[in-house]
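Analysis of the macromolecular model
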Amino acid sequence: MIPDRRRAPLAFLCFLPFLLSACGPASRLIGDPQMPYPPTPPPEIGQILHMPTGVFVSEEQMLEIAGRSRIVYVGETHDNPASHRLQLSVLKAMQARHPGKIALGMEMFTPAQDEALRRWTAGETGEKEFLKEAGWFEVWKGDFAHYRDILNYCRDNDIPVIGLNADKKTVRLVVSSDPAELEAEGLASLPDMDLEDPYQRGMVEGIYGGHVKSEGMLAGFHRAQTLWDETMAESIVTFLGRDEYRDHHLVVIAGGNHVRYGFGIPRRVFRRLPLSYTLIGGKEIVIPESKKAMLMDVTLPKFPMTPYDFLVYLRYEELESREVKLGVMFDDGGGEVLVRMVAPGSNAERAGIRENDVILAVDGEDIQDSFDLVYAIQQKSAGDRGTVTVRRDGEVLEIAVAFLEGVDAHHGSAKE
């Protein structure tokens, strides 16, 4: 009988995978998934790295590529002016490419402030009225100077601005209770929340793990982070789903932890509405001594993806300071601001403002509540002079104030 020689190769091929699996090397990771092509030499301020390829690009090239996306996410360091200039550059490029067809979504506002934002971009309110109507100092509390140029550009170019974030009441509700245990009225205000994302959990544990006293607190932080991201994602999808905005492109500005690696807001938007998107972020490689004390000691997991599509190398800058203090603590109510205490050595004391004075006006602008006073003083810079109108024992007085900076001007626990 003639042997069938065709069977030997077939048998060998069937056996080959087992042979290779037994003798071959174990699977290994090549390089760093977060930085597959590390830049050499070390990057410099202003350079832009396309992270998936390790190729440096110009700002024009980055903006050309990003401009093709329906959504461009720009992560920020909240108190770095360089972050906000980057965001404004992206916004301007998108407006030039899609005139009349872009909008801006901001973490710094909630949907409840959308009417105030609409009135602002329509030119119906000035800055003071807008900040008061939007409750800026209650909702965000950061220095408005960081966002002034961005919001002025939207106003000047009739670009819609929408609030994305969750309101504080809902955040407190979710921090204190597991969503599954909340009462029906609480659940009605929540977006669809995915609490099982391992990368989100890993980030929260990395940031807060060493700063909380219990697993319960850590779980609360995780729920809050998830709520913020899911709410912002839902706000984005709701906006882009409206008939008048279905062909709009959206620039989203939010803190880096909401955008970086894509598992925060971007993935949660894509789950609801698959659209093209680009991730842009900054990395501070020059940090002044004054900022170093503010940095948290955080060790994050090694995530298996690049943080951004484009990484811009930045300097951690200081906002140009114009802050001075009047030097008083006060109560407001009933349309009046009553001075409760004057700080020793303060601008107020030097000018002759006294305890129990009622502040009526600053430079002729009526003062009816704490916002009016805080805003008026924030417009002053060191070296400016002004007039504070007070009522004292039934008499109205005009008091000249020299606004100085330094230890004396900020001495004590004055609120303003």
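Our structure is the block above this text.
Not measured: the values here are computed from a predicted model.

Side note on the overall build of the protein
Each helix and strand in the protein was counted, giving 16 helices and 14 strands. Every one of the 416 residues in the protein was classed for burial, and the buried ones make up 44%. Here the protein displays about 21700 Å² of accessible surface, and carbon together with sulfur accounts for 54% of that area.

Observations regarding the side chain of R392
Along the chain, R392 turns up in strand β13 (residues 385–392). Within polar-contact distance, the side chain of R392 engages the backbone oxygen of G352 at 3.0 Å. Looking at R392, its side chain comes within polar contact range of the side chain of D357, at 2.8 Å.

As for helix α8 (residues 168–176)
Among the residues of α8, those classed as buried are T170, V171 and V174. Buried residues along α8 cover an arc of 100° about the axis, so they all sit on one side. Opposite the buried face of α8, by more than 90 degrees, sit the exposed residues K169, R172 and S176. Where the residues of α8 are buried, they touch α11 (215–240).

Focus: the sheet that holds strand β5 (residues 161–163)
Read across the sheet, eight strands follow the order β2-β1-β8-β7-β3-β6-β4-β5 without closing on themselves; strand pairing throughout is mixed. Edge positions in the sheet fall to β2 (55–57) and β5, since each has one partner strand and no second. Averaged over all adjacent pairs, the angle separating strand axes in this sheet is 25°, with direction ignored. Here strand β4 (residues 102–106) runs beside strand β6 (residues 249–255); their pairing, made up of five bridges, is parallel. Pairing of A103 across the sheet is with L250, part of β6.

Examining the environment of L314
Mapped onto the elements of the fold, L314 is located in strand β8 (residues 310–315). Here L314 falls in the buried class, since its relative accessible area comes to 8%. For the pair L314 and K283, spaced 31 residues apart in sequence, the C-alpha separation works out to 5.7 Å. When neighbours within four sequence positions are excluded, L314 is seen to be in contact with I45, N80, A82, S83, G282, K283, E284, I285 and V286.

Overview of a positive patch on the surface
A contiguous patch of positive charge on the surface is contributed by K141, K168, K169 and R172. Here K169 lies in helix α8.

A word on the environment of G262
The topology assignment puts G262 in the loop between α12 (256–259) and α13 (265–272). Residue classification places G262 among the buried positions, given a relative accessible area of 7%. Separated by 15 residues in the primary sequence, G262 and Y277 have C-alpha atoms spaced 9.9 Å apart. Residue contacts for G262: discarding those within four places in its chain leaves R267 and L279.

Here we look at the packing of aromatic side chains
Summed over the entire model, instances satisfying the criterion amount to 17 aromatic pairs. Between Y208 and F221, the aromatic rings sit 4.2 Å apart at their centres with planes inclined by 5°, giving stacked as the arrangement. Of the two residues, Y208 is situated in helix α10 (residues 198–208) and F221 in helix α11; the sequence distance between them amounts to 13 residues. With a relative accessible area of 30%, F221 lands in the partly exposed category. Three or more aromatic residues joined by ring pairs form one cluster here, namely F109, W120, F130, W136, F144 and Y147. When the ring centre of W120 is taken as reference, the NZ or CZ atom of R155 above it lies at 4.3 Å.

So, the nonpolar core
In this structure, F130, L151 and I280 are the most contacted members of the largest nonpolar core, which totals 42 residues. In terms of residue count, helix α3 (residues 81–97) provides more of this core than any other element does, six residues in total. In contact with F130, not counting residues within four places along its chain, are F109, A116, L117, W120, T125, F144 and L151. Formed by 26 residues, the second largest nonpolar core is a distinct cluster that contains M35, V237, A254 and L311.

Quick notes on the pairing of β8
Most of β8 is tucked away, with five of its six residues classed as buried. Across three bridges, the pairing between strand β1 (residues 48–50) and β8 is antiparallel. Bridging across to β8, H50 finds its partner in F310. For strand β7 (residues 277–286) and β8, the ladder comprises six bridges, and the chain directions are parallel. By the bridge assignment for β8, I280 is matched with F310.

Reading the values: the criteria
- Residues numbered from 1 in each chain as written.
- Predicted model: local features only at pLDDT ≥ 70, side-chain atom pairs only at ≥ 80, totals over all residues.
- Heavy atoms only, no water.
- Helix = DSSP H or I, 4+ residues; strand = E, 2+ residues; numbered from the N terminus.
- Buried < 20%, exposed > 50% of the residue type's maximum accessible area, 1.4 Å probe, protein only.
- Areas by Shrake-Rupley, 256 points an atom, 1.4 Å probe, with all protein chains shown as cover.
- Polar contact = N/O pair within 3.5 Å; in protein donor to acceptor, adjacent residues only side chain to side chain.
- Arc of directions from axis to C-beta.
- Contact = heavy atoms within 4.5 Å.
- Pairing = 2+ DSSP bridges.
- Axes fitted to C-alpha atoms, helices over the stretch in contact; angles between N-to-C directions.
- Patch = residues over 30% accessible without salt bridge, like charges linked within 9 Å, V, L, I, M, F, W, Y side chains within 5 Å.
- Salt bridge = Lys/Arg side-chain N within 4 Å of Asp/Glu carboxyl O.
- Lys, Arg positive; Asp, Glu negative; His and termini not counted.
- Charge placed at Lys NZ, Arg CZ, Asp CG, Glu CD.
- Phe/Tyr/Trp six-rings, centres within 6.5 Å; stacked < 30°, edge-to-face > 60°.
- Lys NZ or Arg CZ within 6 Å of the ring centre and 35° of its normal.
- Core = buried A, V, L, I, M, F, W, Y, C linked by side-chain atoms within 4.5 Å.

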